[in-house]
Amino acid sequence: MTEISNQETAVLGLLYEHHHYAHRIREIMEKRGMDNWADVDYSTLPPILKSLEKEGLIRYQYRNEGKKGPEKVYHITEKGKSTFKRQIKSILSEKGSIIYSFDLGLANMTSLNQEEIIQSLKLYLKSIEERIQVLSYSIKIQEENNVPYNFIAIYSRNLSILKAEKDWVMEFMDKSRSRGNNP
């Protein structure tokens, strides 16, 4: 059974939809904002394609196109399709382990005085609010560009999580103020 990274999964997903030239893969990645959530960008694409090809998950054919001469068109193989589907089922069905540095800060916040705690939480709240604005704008742009709904869902899911976190932080700040620095 072939193990693939999340980056490789993201690229396989694009090739599962349709065969593409490398430059077209980059265009789609940019349009969908994949550098924000898939950790795939312009510089990481060539080694990912090479790795997928080496594993037999994709293949390419040369096509003569435009002024540049022959270009590689990448296709997902049957092995690639089955590996991709298995990976997606696994990702969607299992809760991944997520470690947040914020939780480390919460666990050790009693080393700070109340003013430092509240000031730090205010800064964190400000960063949440900024991310909410960015995600809201990203959703609007993606909808205007007719990006498939499942890609918009990535942003709307994160937006919902951030809004819930904002509410939690505000409530926690109130509790912290009323308790002082007592654990």
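Being a predicted model, the structure only gives us computed values, none of them experimental.

Turning next to unusual backbone geometry. The backbone of Asp39 shows a phi angle near 55 degrees, a positive value even though the residue is not glycine. By the element assignment, Asp39 lies in the loop between α3 (34-37) and α4 (45-54). With relative accessibility at 56%, the residue Asp39 sits in the exposed group. Positive phi, normally seen in glycine, also occurs at Asn146, with a value near 55 degrees. Relative to the assigned elements, Asn146 resides in the loop between α7 (114-144) and α8 (149-179).

The computed volume of the largest pocket comes to approximately 1900 Å³. Forming the walls of the largest pocket are 42 residues, and the residues nearest its centre are Trp37, Ile91, Ile154, Arg157 and Asn158. Of all elements in the fold, only α1 (6-17), α3, α5 (78-93), α6 (101-107), α7 and α8 reach the threshold of two or more residues within the lining of the largest pocket. The biggest single contributor to the lining of the largest pocket is α8, with 10 residues. Of the residues assigned to the lining of the largest pocket, the class counts are 23 nonpolar, 11 polar and eight charged.

A few words on α1. Here α1 contains 12 residues, and its C-alpha end-to-end distance of 17 Å stays within 8% of the 16 Å for a straight helix at 1.5 Å per residue. Listed in full, the buried residues belonging to α1 are Glu8, Thr9, Ala10, Val11, Leu12, Gly13, Leu14 and Leu15.

With that out of the way, let us pick up helix α2 (residues 22-32). Within α2, burial applies to Ala22, Ile25, Ile28, Met29 and Arg32. Take α2 and look down its axis: the buried residues cluster within an arc of 120 degrees, on one side only. Phi turns positive one or two residues past the end of α2, at Gly33, with a value near 70 degrees.

Remark: α1 packs on α5, axes separated minimally by 10 Å, with the N-to-C direction vectors making an angle of 120 degrees. When the interaxial angle is binned, α1 and α5 end up oblique. Handedness of the α1/α5 crossing: left-handed. Touching Asn6, Thr9, Leu12, Gly13 and Tyr16 of α1 are Gly80, Lys81, Phe84, Lys85, Gln87, Ile88 and Ile91, all from α5. Residues belonging to the contact of α1 with α5 are distributed by class as follows: five nonpolar, five polar and two charged.

What counts, and where the lines are drawn
Residues numbered from 1 in each chain as written. Predicted model: local features only at pLDDT ≥ 70, side-chain atom pairs only at ≥ 80, totals over all residues. Heavy atoms only, no water. Helix = DSSP H or I, 4+ residues; strand = E, 2+ residues; numbered from the N terminus. Buried < 20%, exposed > 50% of the residue type's maximum accessible area, 1.4 Å probe, protein only. 1 Å grid on protein atoms, 1.4 Å probe; cavity = no way out; pocket = protein on both sides within 12 Å on 5 of 7 lines; lining within 4 Å. Points joined across faces, edges and corners; volume = space filled by probe spheres on them. Nonpolar A, V, L, I, M, F, W, Y, C, P; charged D, E, K, R; others polar. Expected span 1.5 Å × (residues − 1). Arc of directions from axis to C-beta. Axes fitted to C-alpha atoms, helices over the stretch in contact; angles between N-to-C directions. Parallel < 35°, antiparallel > 145°, perpendicular 65-115°, else oblique. Left-handed = near helix turned anticlockwise from the far one by under 90°. Contact = heavy atoms within 4.5 Å.

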